[in-house]
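For reference, the chains in residue letters:
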Amino acid sequence: MSDQIRFNLSEKDIPKFWYNINADSPIPPAPVLHPATKEPVTPDFLSVLFPMELILQEISTEAYIEIPEPVREVYKLWRPTPLIRARNLEKALGTPAHIYFKNEGFSPSGSHKLNTAAAQAFYNKQAGTKALTTETGAGQWGTALAMAGQFFDLDIEVYMVRVSFDQKPYRRFLMETYGAQVYASPTDRTQTGKETLRKDPKNPGSLGLAISEAVEVAATSNGKKKYSLGSVLNHVLTHQSVIGEEALKQMDLAGEYPDIVIGCVGGGSNFAGIAFPFLRENLRNGQRTRLIAVEPTATPSLTRGRYAFDYGDTAQMAPIVKMHTLGHDFIPPAIHAGGLRYHGMAPTLCALYDAGYIEATAVRQIPIFDAAVLFARTEGILPAPESAHAIRVAIDEALKAKENGEKKVILFNLSGHGHFDLSAYNAYNTGILEDYEYPEEAIASIEQRLPQVPEFVGK
Ligand SMILES: *Cc1c(COP(=O)(O)O)cnc(C)c1O
């Protein structure tokens, strides 16, 4: 046991391979269905949206996928990211637990999302794509893709949820500074957007709707534009495995092994990124690390959603996948400030959660900000509200360890910094933030709002 605080790796320790959980997952993946025919999709359907290399990664059962050299070159700008022991936080809690965090907020775009943005931009460039379309909520994904577009010389078109576009202009300015075009969704650039605006000119937008617009633009571009998704899909989860692979080495430098690994979940990618390499060690090498996914009580897809086939987007253009879902027509409550607003969750992660390999818990937003502020005041880093979900549960586990007099080793992923979330912090500081539980009526009606799928697919 060392008394070090930072566990640094060097450039040569940047992983050479991504790890794909589907090689070790004991659960076969459910089929992905065409949104209109509801038959299993073909690579042809997917190839309208994605380059073939990414489709192959999506369905791959190979454990290790080599990271292309140009992507590793880009990774060198910020990877390996720091692993830090939160000693000041431990002291403030008076806990015998050791708390470590992996700082993905260290990336130039401010979150883990650049790990997959760089990879997706590379494979698209290689396949001759000219432009990428995408959606963004708070703007972290759009920022990462805008930056990756510059690295690999692609135009980037971002459909940004209107409330965020209006209320969080700084992320938009940042994306534009990195050279992306940013539109407030719903727009009048797509059929979906036009129809939505005709029914409701003041529609605030949602992530599901913005996905529909970005997909429509790519699907109707005659192959010039492809679509890029920042979470949920298996290839995205695979790209994020660099987080956990580095963390394994860094915990080794620290001379410890985590009892608990924690990450927040929106679509599931940063959690999978840190947790799946540790899950591999559980499955292959008899480790027994608890893996905890943390979501907001305002968007409780894992803890209260139905595990069923549902559309990936609001307009029913994206494939139907089996996941924990609140329904594709879900619109998140406006008072929810903490991000993580997607109605569904990565199917790979859902299958593992359903089978008991992963735990999940939901937390309320005032306790989340309590944790965020304590972390900022002890460790000096202002966390993204999303990341603060993980901090909340890390603190709760450390307090449990204190109660039980146990020396637990806790590792969480700090998925991003909160420098663009200061109005949410201000809402907390001035006492106008409220807790919110997703209402029971809305949960009860999910079943009726799901698509009917053919018998043979199973439920
Ligand atoms: C996008 C984002 C998330 C949620 O997405 P996941 O795919 O679940 O990781 C969490 N934290 C930050 C900082 C993000 O930008």
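Refer to the preceding data block for the structure.
In short, a report on the structure.

How each quantity is defined
- Within every chain, residues take consecutive numbers counted from 1 along the sequence as written.
- Residues qualify for local features only when their pLDDT is at least 70, as the model is predicted, and side-chain atom pairs are given and counted only at 80 or more; totals for whole chains, interfaces and linings, by contrast, use all residues.
- For side-chain calculations, the full set of non-hydrogen atoms in the structure is used, while hydrogens and water are omitted.
- Any pair of Phe, Tyr and Trp rings, taking the six-membered ring for Trp, is counted once the centres come within 6.5 Å. Such a pair is stacked with planes under 30 degrees apart, edge-to-face with planes over 60 apart, and tilted for the rest.
- Only DSSP runs of H or I covering at least 4 residues are called helices, and only runs of E covering at least 2 are called strands; the numbering of each starts at the N terminus.
- Burial classes: relative accessible area under 20% of the type maximum marks a residue as buried, over 50% as exposed, and values in between as partly exposed (1.4 Å probe, protein chains only).
- In this scheme, the term charge over a ring applies when either NZ of a lysine or CZ of an arginine sits within 6 Å of the ring centre and within 35 degrees of the ring normal.
- Along the arc lie the directions from the helix axis toward the C-beta atoms.
- In this analysis, two residues are considered to be in contact whenever any of their non-hydrogen atoms come within 4.5 Å of each other.

1. Focus on the packing of aromatic side chains
In total, this model carries 17 aromatic pairs according to the counting rule given. For the ring pair Tyr-170 and Phe-173, a centre distance of 5.9 Å and an interplane angle of 90° mean the geometry is edge-to-face. Remark: Phe-173 and Tyr-170 occur in helix H8 (residues 169–177); sequence separation between them is three residues, near one turn of the helix. By relative accessible area, Phe-173 is classed as partly exposed at 38%. When the ring of Phe-375 is compared with that of Phe-412, the centres are 5.9 Å apart and the planes differ by 70°; the resulting orientation is edge-to-face. Placement of the pair is Phe-375 in helix H16 (residues 365–379) and Phe-412 in strand S14 (residues 409–414), with a sequence separation of 37 residues. Here a set of aromatic residues connected by ring pairs shows up, and it is made of Trp-18, Phe-122, Tyr-123 and Phe-152. Above the ring of Phe-165, the side-chain terminus of Arg-172 is found at 3.9 Å from the ring centroid. In this structure, Arg-280 is placed above the aromatic ring of Tyr-19, and the distance from its NZ or CZ to the ring centre is 4.6 Å.

2. Structural notes on helix H18 (residues 422–429)
Those residues of H18 that fall on the buried side of the exposure criterion are Ala-424, Tyr-425 and Ala-427. Viewed along the axis of H18, the buried residues span an arc of 155°, placing them on a single side of the element. Away from the buried face of H18 by more than 90 degrees, exposed residues Ser-423 and Asn-429 are located. Considering only its buried residues, H18 is in contact with H16.

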